[in-house]
Amino acid sequence: MTALPIRSELAGRSGYGAPQLDVPVRLNTNENPYPPSAELVADIAAAVAVAAAVLNRYPDRDAIKLRDALARYLGHGLSAEHTWAANGSNEIIMQLLQVFGGPGRSALGFEPSYSMHPRIAETTATRWIAAGRASDFTLDPASAAEVVKAEEPDVVFLTSPNNPTGTAMPLAVAEAVCAVAPGMVVVDEAYAEFDRDPANTALTLLPRFGRLVVVRTMSKAFALAGARIGYLAADPAVVQAVQLVRMPYHLSAVSQAVALTALEHSAELLSTVAAIREERDKLVVSLRGMGLQAAESDTNFVLFGLFADRHAVWQSLLDRGVLIREAGPPQWLRATVGTAGENATFLNQLKNVLGGSESLAAE
Ligand SMILES: *Cc1c(COP(=O)(O)O)cnc(C)c1O
């Protein structure tokens, strides 16, 4: 086999690879379990047909209509010039690191947190600095600010509510970090709509901090993971800076049409959020009732443990048709909140797995 001249820091690594397996209960990638309604499917198909009639032309490379709709959805006095959209918030994060990170620069995150932050840092040759969290996965304003002051990173990532722990972050943390950060502060709010407190969003801080960026996605609460739409809200200067690195016409006309149509149905799409929150809280209670630990969650997933051999638990669940995720600290597992039926199946199978083998539970 020919040895390829892969960049040394990437050689031998494997790409992002959460298993995509066709099993009855899939609770591993924090998708919304409710598919679009027949009416929304029809509206999307009609919007795509309109877009298809002019697919010989490039799309609106500034995606103005979509950015305007996203700004209206977010509120907080934002307009199209404050927003930017891309193929999933992962592409947004990549663009941010391309323009504000890069060789000779650093990015800092508070782990355990979203595994793509350090991965995208690596692919953009940005040095990654891993800071920690308290044992209950929370962050407090003073110690977060202290780490940022000491490390002086070019980019700070704060994730709220956090993945994979589910932990919501008080606004005071973002405020304290913004006050001392020498560079950009990115608050990844992929799960904001699931937060118990809807006012707990860094959007409220944007008028005060010009180097703050709030990143959102339509993949989770909006139930639109397949469309690949992520976006940011920030000072217009940040949106202009991103223009330096974005690819021309990066967001297809089809994606823009789908996202716009979905936003017109946002009330319907977000109507599942209340049910998911309720199921989440029930799941936490049930897991604790089984004698397990379950972290407080303001998201659509629950981190639970502790297991001496989490891989064995994960595999045994998979053998029973339930796919969850090996994520977080070594003894923990993460399960996405599904429909009531899926959650019941997951809990029953977990009971079977743990009942069948006393050796699997660590505590
Ligand atoms: C799921 C997730 C994302 C991104 O998803 P996209 O589908 O690329 O928008 C970003 N951040 C966090 C913390 C996530 O959990």
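Structure shown above.
Conventions we followed
- Residue indices follow the written sequence of each chain, beginning from 1 at its first position.
- Where totals are concerned, whole chains, interfaces and linings use all residues; where local detail is concerned, this predicted model gives features only for residues with pLDDT of at least 70, and gives and counts side-chain atom pairs only at 80 or more.
- Calculated side-chain values reflect all of the structure's heavy atoms, with hydrogen atoms and water omitted.
- Each residue's exposure class comes from its accessible area (1.4 Å probe, protein chains only) as a fraction of the maximum for that residue type: buried when under 20%, exposed when over 50%, partly exposed otherwise.
- Labels follow the DSSP assignment, with helices taken as runs of H or I lasting at least four residues and strands as runs of E lasting at least two, numbered in each case from the N terminus.
- When DSSP finds two or more bridges between a pair of strands, those strands are recorded as paired.
- Counted as salt bridges are all cases of a side-chain nitrogen of Lys or Arg within 4 Å of a carboxyl oxygen of Asp or Glu.
- In the analysis that follows, any N or O atom pair within 3.5 Å is treated as a polar contact, provided that within protein one partner can donate a hydrogen and the other can accept it, and provided that, for residues neighboring in sequence, both atoms belong to side chains.
- Two residues qualify as a contact provided that any one of their heavy atoms is within 4.5 Å of a heavy atom in the partner residue.

The next subject is the pairing of strand β12 (residues 333–336). Residues in a regular strand project their side chains so that they alternate between the two faces of the sheet. Here β12 shows two buried faces, one formed by Leu333 and Ala335 and the other by Arg334 and Thr336. Bridging between strand β10 (residues 301–305) and β12 involves 4 bridges; their strand directions are antiparallel. Considered in β12, the bridge of Phe301 is made with Thr336.

Before going further, it helps to examine the pattern of salt bridges. Applying the stated criterion to the full structure yields 13 salt bridges. For the salt bridge of Arg196 with Asp281, the shortest nitrogen-to-oxygen distance reads 3.0 Å. Of this pair, Arg196 sits in the loop between β6 (184–188) and β7 (212–217) while Asp281 sits in helix α10 (residues 272–289), and the two are 85 residues apart along the sequence. Given a relative accessible area of 42%, Arg196 falls into the partly exposed group.

Summarising the element assignment, Asn163 is placed in the loop between β5 (155–159) and α6 (171–180). For Asn163, the side chain forms a polar contact with the side chain of Tyr191, separated by 3.4 Å. Within the structure, the side chain of Asn163 is placed 2.8 Å from the side chain of Arg334, a separation counted as a polar contact. With sequence-adjacent residues up to four places away left out, Asn163 is seen in contact with Asn30, Pro112, Ser113, Tyr114, Tyr191, Phe301 and Arg334.

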